[in-house]
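Architecture at a glance
Residue strings, one per chain:
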Amino acid sequence: MSTAAETFDLRGRRVWVAGHRGMVGSALVRRLAREHCEILTADRQAVDLRRQADVEAWMDAHRPDAIVLAAARVGGILANDRHPAEFLYDNLAIEANVIHAAWRAGVRKLLFLGSSCIYPKLAPQPLQESALLTGPLEPTNEWYAIAKIAGIKLCQAYRRQYGCDFISAMPTNLYGVGDNFDLAGSHVLPALMRKIHTARETRAPTVEIWGSGTPLREFLFVDDLADGLVFLLRNYSGEEHVNIGTGSEVTIRDLARTIAEVVGWTGEFVFDTSKPDGTPRKLMDVSRMARMGWTARTELRAGIEATYRWYLETTPETVRGHG
Ligand code: GFB
C-alpha cells in the first residue's frame, strides 16, 4: 500500500516516456512538462522496443531515473480480434524488454500501463482490483489482456525478487487529443466521431454503429489519465495494480447521441449486429484512487467537445471528408 513516506519526487529526475507519440504518451509529455523533470523520449527509428538489444543499449546510454511504459500495440474491438498475434507478441516483447532492462539499469521507479480488459468478462461490477484472474476473459481481446496481465506480473516479480519500485495502473477506455481515427483500428469514440462528422459533411441520413448499442463503457479523458499517472508516480508504491477511471458509464447508443449533439448532426443510427458487442459492461471501481486522493475531472461531454475541436484543427479536410 502507498504511504506518504513512499513519495517519489519527480523534480530533477530523468523520466522516460516510452511510447511518447501515442495518445497516452503525448498526454504524459504535456503533463510532465509541469513537473520540473527532464523528459526523455526515444524515436521508433532509433529503438524498436520489441528488440531486447535495442532497449538495453538505449537504457545504458540514457540512464533514466523513472519510466512510464505507455508504449503498446493498441486498438479497438475488431483490431484486437483480427490481429491476435501482434496484440500478444508485440505487447509481451515490449513489456519484457523494458521491465527487464529497467531492473538491469537500476531504474528507481517504473509505471506500467494495462487496461480494464484484464478483468474477467463477467466479473462483478464495478471491477475491483482483486477481480484479476478470477474467471475467463472476453474472447475478442484475450490476447491483449493476457499480455497486459503478464506486464502486471513482471512488475510484481521484479518487486518481490529484487525490490524494484515497479507499479502498474489499469486505465478504463480512453479517448482524447491524439486519438486514432482510423476506422479499421480505432476505438468506438473516435470511430463514431469521425463517422458522425462525415455524415454531417455529406448530409448522410444514417450512421452505422457496430453491435447492438447496448454495451456499457466508461470513458476517461486522456489528460485526466496523465494527471492520475503522475499522481501514482509520486504517491504509490505497492504490488497491486491500481484502477484509473471515472466511475461512470454510458451505453454505446447514448455515447453516439452525445457525439451527434456535439458534432451537430441529427440523423438516425443503424446497428450492424454482425459486428461484436464485446464485453457487456466494464465499469471500474475507482475507490482506491479516490481514497488516495485522486479523482477524474473532465465530464464526458466536455472531453468529447475538446476532442472534436482538436480533430477539426488537426485533421486535413481531405482525410476528414472520407467515411
Ligand atoms: O472501443 P471498442 O472498440 O473497445 O468498442 P472495447 C466498444 C464498443 O463500441 C463495442 C461498439 O461494443 C463495439 O462493438 N462500437 C460501435 C464500435 N460502433 C463502433 C465502431 O465504429 N468502432 C468501434 N471500435 N467500436 C477494447 C479492447 O474493447 O477496449 C481492447 O478490444 C482495450 O483490448 C480497449 O481493452 C480499451 O471496449 O470493446
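Since the model is a prediction, treat every value here as computed from it, not as a measurement.

The rules behind these values
Residues numbered from 1 in each chain as written. Predicted model: local features only at pLDDT ≥ 70, side-chain atom pairs only at ≥ 80, totals over all residues. Heavy atoms only, no water. Helix = DSSP H or I, 4+ residues; strand = E, 2+ residues; numbered from the N terminus. Rg over C-alpha atoms; globule rule 2.2 N^0.38 Å. Buried < 20%, exposed > 50% of the residue type's maximum accessible area, 1.4 Å probe, protein only. Contact = heavy atoms within 4.5 Å. 1 Å grid on protein atoms, 1.4 Å probe; cavity = no way out; pocket = protein on both sides within 12 Å on 5 of 7 lines; lining within 4 Å. Points joined across faces, edges and corners; volume = space filled by probe spheres on them. Nonpolar A, V, L, I, M, F, W, Y, C, P; charged D, E, K, R; others polar. pLDDT = per-residue confidence, 0-100. Phe/Tyr/Trp six-rings, centres within 6.5 Å; stacked < 30°, edge-to-face > 60°. Near = heavy atom within 4 Å. Polar contact = N/O pair within 3.5 Å; in protein donor to acceptor, adjacent residues only side chain to side chain. Areas by Shrake-Rupley, 256 points an atom, 1.4 Å probe, with all protein chains shown as cover. Pairing = 2+ DSSP bridges. Right-handed = clockwise from strand over helix to strand, strands pointing away. Axes fitted to C-alpha atoms, helices over the stretch in contact; angles between N-to-C directions. Expected span 1.5 Å × (residues − 1).

Along the backbone of the protein there are eleven helices and 13 strands. Taken over the C-alpha trace, the protein has a radius of gyration of 19 Å; the compact-globule value for 323 residues is 20 Å, and the two agree within 12%. For the protein, the spread of C-alpha atoms along the three principal axes comes to 60 × 40 × 40 Å. Every one of the 323 residues in the protein was classed for burial, and the buried ones make up 54%. If you take every contact in the protein between residues at least 6 apart in sequence, the share linking residues at least 24 apart comes to 82%.

Glancing now at the layout of surface pockets. Taken as a whole, the second largest pocket holds about 270 Å³ of empty space. Lining the second largest pocket are 16 residues; nearest its centre among them are Phe219, Thr246, Ser248, Thr298 and Glu299. Class assignment of the residues belonging to the lining of the second largest pocket gives a composition of eight nonpolar, five polar and three charged.

Further remarks concern the confidence of the model for the protein. Here the protein shows a mean pLDDT of 95. Residues at 70 or above account for 96%. The low-confidence segment residues 1-5 (pLDDT under 50) makes nine contacts with residues lying over four places distant or belonging to another chain.

We now examine the packing of aromatic side chains. Inspection of the entire model under this criterion finds eleven aromatic pairs. Each ring, one from Phe87 and one from Tyr144, has its centre 6.0 Å from the other, and the planes form 75°; the classification is edge-to-face. Residue Phe87 is found in helix α4 (residues 84-104), and its partner Tyr144 is found in helix α5 (residues 142-162); the two are separated by 57 residues along the sequence. Owing to a relative accessible area of 2%, Phe87 belongs among the buried residues under this scheme. Using a relative accessible area of 10% as the deciding quantity, one classes Tyr144 as buried. Aromatic pair Trp103 and Tyr158: ring centres 6.0 Å apart, planes at 55°, arrangement tilted. Remark: Tyr158 occurs in helix α5 and Trp103 occurs in helix α4; sequence separation between them is 55 residues. For Tyr158, a relative accessible area of 14% puts it in the buried group. These aromatic residues form a ring-pair network of at least three members: Phe181, Tyr308, Trp310 and Tyr311.

Okay, the site of the ligand next. Surveying the vicinity of the ligand reveals 22 residues, the closest of which are Ile77, Lys195, Arg217, Pro276 and Asp277. Within the contact set of the ligand, an oxygen atom lies 2.9 Å away from a side-chain nitrogen or oxygen of Ser115. Asp277 places a main-chain nitrogen or oxygen 2.6 Å from an oxygen atom of the ligand. Protein coverage of the free-state accessible area of the ligand, which is 710 Å², stands at 97%. Sort the elements by how many residues they give to the shell around the ligand and helix α6 (residues 188-202) lands first, with three residues. Its residues assigned to classes, the shell around the ligand comprises ten nonpolar, eight polar and four charged.

This part is about helix α1 (residues 23-32). Buried residues dominate α1, accounting for eight of its ten residues. Of all the positions in α1, only Met23, Val24, Gly25, Ser26, Ala27, Leu28, Arg31 and Leu32 are classed as buried. Along its buried surface, α1 packs onto β1 (14-18), β2 (38-40), β3 (66-69), β4 (109-113), β6 (173-175) and α7 (222-235).

Our focus in this paragraph is the pairing of β1. Judged by how many residues are buried, β1 sits mostly within the fold: four of five residues are covered. As paired strands, β1 and β2 are joined by three bridges and run parallel to one another. Pairing of Arg14 across the sheet is with Glu38, part of β2. You can see the chain leave β1, run along α1 and come back into β2, and the turn it takes is right-handed. Sheet analysis places β1 next to β3, joined by four bridges and oriented parallel.

Two pairing modes exist for strands in a sheet, parallel and antiparallel, and in both the strands are linked by backbone hydrogen bonds. Here six strands make up an open sheet; going across it, the order is β2-β1-β3-β4-β5-β10 and the pairing parallel. Since the sheet does not close on itself, it has two edges, and those belong to β2 and β10 (242-244), each with one partner. Each neighbouring strand pair of the sheet contributes to a mean axis angle of 25°, computed without reference to strand direction. Lying on the sheet, α4 is in contact with β1, β3, β4 and β5 (166-171); it crosses β3 at an angle near 170°.

Moving on, we come to α7. For α7, spanning 14 residues, the distance from its first C-alpha to its last is 20 Å, which sits close to the expected 20 Å at 1.5 Å a residue. Of all 14 residues making up α7, eleven are buried, and the element is well covered by its neighbours. Looking at α7, one finds that the buried residues are Val222, Asp224, Leu225, Ala226, Asp227, Gly228, Leu229, Val230, Phe231, Leu232 and Leu233.

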